[in-house]
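Residues per chain, in single letters:
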There are 2 protein chains.
Amino acid sequence: MKQANDRDTADYMAAAGCFCLASRQAARKITRLYDSYMQEAGVRITQFTILSQLMLRGDMPIGKLATILGMERTTLTRNLGPLEQQKWISVKAGEDPRARMIGITAQGRGVVRRSFPFWSKAQAHIGKLLGADGQAALKLLESRNLG
Amino acid sequence: MKQANDRDTADYMAAAGCFCLASRQAARKITRLYDSYMQEAGVRITQFTILSQLMLRGDMPIGKLATILGMERTTLTRNLGPLEQQKWISVKAGEDPRARMIGITAQGRGVVRRSFPFWSKAQAHIGKLLGADGQAALKLLESRNLG
DNA sequence: CCAGGATGCGTGTAGATACACGTATCTCAT
DNA sequence: ATGAGATACGTGTATCTACACGCATCCTGG
């Protein structure tokens, strides 16, 4: 105990139960697992997620997509860069000239189609690791409004 | 339904229940909330987490710390950069000259001490948002071995 | 019509994340 | 002793994340 002299170390023990550490740790591990599966498909899970959301929900402005993904708008803007470069998404002005409507291209759909089986394997793998209660826990977190 | 023609769209609906999206979404939102509280303390939650772990567990090599944090070793190496620059941690070779022992400095302890109240507020805030079941869900995920 | 607040975005800056690859050191069986 | 495999790391590259700030456009009360 090198920090035995630290009078209030006991207080800091609380930090061991940090919700932030728990959530990020889980997210990192889960992301690595998905990415390891997606790698063969040549697409990252972040990108796959964006593309599949566009595929499922149709075109939408950046802000709305960011909300759906629980991501900062400016973060999403950066993430769209590589996707646009690959021509997997299209960007055009909406009725409101301020809005930038994002849509998935035919090529983007192809990417989703081809990479879906890999995503599916990753999903199955992590589902097994999580177990029924772990999956339920994640769904609960998803349903919570965390701001 | 702009993608009504897409024959297998139904299959892709599964992507809506992606465990990866759920975990990352939660982690992003939670991280933003913690960081907004920590900002006043001049330290990021990522950094606070690293420092407090060192404070609680004492010096250790990079690899071990990375495992504890559920982080890639190389990621941790990058994250240690700013901390070392601020002199919040010390780096020295261990008995095994390959290993780099990381330790928290007196200044680093001061940072943890001063920023702890802000962390505590964030923890309380998110605890309320999560609710008892949400907290339990997060603890369950933390206990799961996800690789 | 027309300020003034609200809304939708991009960029500068800075840090967080991780894979592929390469280096140095250790360990152990021969 | 020594060579092969294991271990502990750093770096190059690329992406992900988000705050502060600023710009353009929309909308609404006067």
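Described in the following lines is the structure provided in the data block. (Residues numbered from 1 in each chain as written. Chains lettered and ligands numbered in written order. Predicted model: local features only at pLDDT ≥ 70, side-chain atom pairs only at ≥ 80, totals over all residues. Heavy atoms only, no water.)

1. Details of the overall build of chain A
Thinking step 1. Scanning chain A from N- to C-terminus turns up six helices and three strands.
Thinking step 2. Taken from N to C terminus, the helices and strands of chain A fall in the order α-α-α-β-α-α-β-β-α.
Thinking step 3. Taken over 147 residues, chain A has a buried fraction of 49%.
Thinking step 4. Counting only contacts in chain A whose residues sit at least 6 apart along the sequence, the fraction spanning at least 24 positions is 51%.
Thinking step 5. By element, 50% of the accessible surface of chain A is carried by carbon and sulfur atoms, the whole surface being about 7,500 Å². (Helix = DSSP H or I, 4+ residues; strand = E, 2+ residues; numbered from the N terminus. Buried < 20%, exposed > 50% of the residue type's maximum accessible area, 1.4 Å probe, protein only. Contact = heavy atoms within 4.5 Å. Areas by Shrake-Rupley, 256 points an atom, 1.4 Å probe, with all protein chains shown as cover.)

2. Side note on the protein's contact with DNA strand D
Thinking step 1. Not every one of the 26 residues close to DNA strand D is listed here, only the nearest: Arg-98 of chain A together with Arg-32, Gln-39, Arg-98 and Arg-100 of chain B.
Thinking step 2. The contact in question runs from a phosphate oxygen of DNA strand D to an N or O atom on the backbone of Ile-62 of chain B, over 3.3 Å.
Thinking step 3. Within the side chain of Arg-78 of chain B, an N or O atom sits 2.8 Å from a base oxygen of DNA strand D.
Thinking step 4. Secondary-structure elements contributing two or more residues to the surface near DNA strand D are helix 3 (45-57) and helix 5 (73-85) of chain A together with helix 2 (19-38), helix 4 (62-69) and helix 5 (73-85) of chain B.
Thinking step 5. Here the residues of the surface near DNA strand D are counted per class, giving five nonpolar, nine polar and twelve charged. (Near = heavy atom within 4 Å. Polar contact = N/O pair within 3.5 Å; in protein donor to acceptor, adjacent residues only side chain to side chain. Nonpolar A, V, L, I, M, F, W, Y, C, P; charged D, E, K, R; others polar.)

3. A word on the nonpolar core
Thinking step 1. One finds Tyr-34 and Leu-76 of chain A together with Tyr-34 and Leu-76 of chain B to be the most contacted residues of the largest nonpolar core, which totals 88 residues.
Thinking step 2. The residues contacting Leu-76 of chain B, other than those within four sequence positions of it, are Ile-50, Ile-62, Leu-65, Ala-66, Leu-69 and Met-71 of chain B. (Core = buried A, V, L, I, M, F, W, Y, C linked by side-chain atoms within 4.5 Å.)

4. Here's the deal with helix 2 (residues 19-38) of chain A
Thinking step 1. When the terminal C-alpha atoms of helix 2 of chain A are compared, their 28 Å separation across 20 residues agrees well with the 28 Å that a helix rising 1.5 Å per residue should span.
Thinking step 2. In terms of burial, helix 2 of chain A is largely enclosed, as 15 of its 20 residues are buried. (Expected span 1.5 Å × (residues − 1).)

5. What to know about the sheet that holds strand 3 (residues 100-104) of chain A
Residues and elements named next belong to chain A.
Thinking step 1. The sheet built from three strands is open, its strands ordered 1-3-2 with antiparallel pairing. The outermost strands of the open sheet, each flanked by one partner alone, are strand 1 (60-61) and strand 2 (89-93).
Thinking step 2. Note that strand 2 and strand 3 share five bridges and pair antiparallel. Bridge pairing in strand 3 places Ala-93 opposite Arg-100. (Pairing = 2+ DSSP bridges.)

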